[in-house]
Amino acid sequence: MQGYQLTFFMQQDRKHGRLPLAEWLLQEARRLGVAGATLISASEGFGHAHKLHSAHFFELADQPIEVMMAVSETDAERLFERLREEKINIFYVKAAIEFGMTGEL
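Attention here is on the structure that accompanies the text. Keep in mind it's a predicted model, so treat the numbers as computed, not measured. (Residues numbered from 1 in each chain as written. Predicted model: local features only at pLDDT ≥ 70, side-chain atom pairs only at ≥ 80, totals over all residues. Heavy atoms only, no water.)

## Focus: the overall build of the protein
Right, so step 1: Along the protein, the regular secondary structure elements total 2 helices and 8 strands.
Right, so step 2: Written out in order from the N terminus, the α and β elements of the protein read β-β-β-α-β-β-β-β-α-β.
Right, so step 3: Within the protein, the proportion of its 105 residues that are buried is 31%.
Right, so step 4: Put simply, of all contacts in the protein between residues at least 6 apart along the chain, 73% involve residues at least 24 apart.
Right, so step 5: Carbon and sulfur atoms make up 53% of the accessible area of the protein, which totals about 7,300 Å². (Helix = DSSP H or I, 4+ residues; strand = E, 2+ residues; numbered from the N terminus. Buried < 20%, exposed > 50% of the residue type's maximum accessible area, 1.4 Å probe, protein only. Contact = heavy atoms within 4.5 Å. Areas by Shrake-Rupley, 256 points an atom, 1.4 Å probe, with all protein chains shown as cover.)

## Some remarks on the nonpolar core
Right, so step 1: Among the nonpolar cores identified, the biggest contains 20 residues, and L6, F8, M10, L25, M69, L83 and I90 are the most heavily contacted of them.
Right, so step 2: At 5 residues, helix α1 (residues 21-31) tops the list of elements feeding residues into this core.
Right, so step 3: Those residues in contact with F8 that lie beyond four places of it in its chain are L25, I65, E66, V67, M69, L79, F80, L83, I90, F91 and Y92. (Core = buried A, V, L, I, M, F, W, Y, C linked by side-chain atoms within 4.5 Å.)

## Here's the deal with unusual backbone geometry
Right, so step 1: One non-glycine residue with positive phi stands out, namely K87, at about 55°.
Right, so step 2: Along the chain, the position of K87 falls in the loop between α2 (73-85) and β8 (91-98).

## Section: a nonpolar patch on the surface
Right, so step 1: A cluster of nonpolar side chains, F9, F91 and V93, forms an exposed patch at the surface whose accessible area comes to about 270 Å².
Right, so step 2: Within the element layout of this structure, F9 appears in strand β1 (residues 2-11).
Right, so step 3: Its relative accessible area of 31% is what places F9 among the partly exposed residues. (Patch = residues over 30% accessible without salt bridge, like charges linked within 9 Å, V, L, I, M, F, W, Y side chains within 5 Å. Salt bridge = Lys/Arg side-chain N within 4 Å of Asp/Glu carboxyl O.)

## With respect to the sheet that holds β8
Right, so step 1: With antiparallel pairing, 4 strands are arranged side by side in an open sheet as β4-β7-β1-β8. The open sheet has two edge strands, β4 (38-41) and β8, and neither has a second partner. Direction aside, the axes of adjacent strands within the sheet are offset by 20° on average.
Right, so step 2: Relative to strand β7 (residues 64-71), β1 runs antiparallel, the two being bridged by 8 bridges. (Pairing = 2+ DSSP bridges. Axes fitted to C-alpha atoms, helices over the stretch in contact; angles between N-to-C directions.)

## Let's talk about α1
Right, so step 1: Among the residues of α1, those classed as buried are L21, A22, W24, L25, E28 and A29. Burial along α1 is one-sided: seen end-on, the buried residues are contained in an arc of 160°. Across α1 from its buried face, at more than 90 degrees, point the exposed residues R30 and R31.
Right, so step 2: In the core, the buried residues of α1 are packed alongside β1, β2 (15-16), β3 (19-20), β4, β7 and α2.
Right, so step 3: G33 occupies a position one or two residues after α1 and carries a positive phi of about 95°. (Arc of directions from axis to C-beta.)

If you want it as structure tokens, here you go:
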């Protein structure tokens, strides 16, 4: 199948409404029918302002988070439309990919 790998980058403490933004993205992707998504916690990273973000022993609020999914073109369009509707401004990478399963289920 042809589509896109979408990767969204944020800090753990970023929220949308009452939910952490990463959790909102996962729930919204599921609601839209995306087949799967993965939340990845990183130990360190820096963004466009070159500020270092990292997980600390007692405080994880600044920990870098990625939400990654493989989606069809239609799913990507629907997800980006929801982000526009919700006025969410977030850094992302959208890369054209081929994806599928290696064997029969």
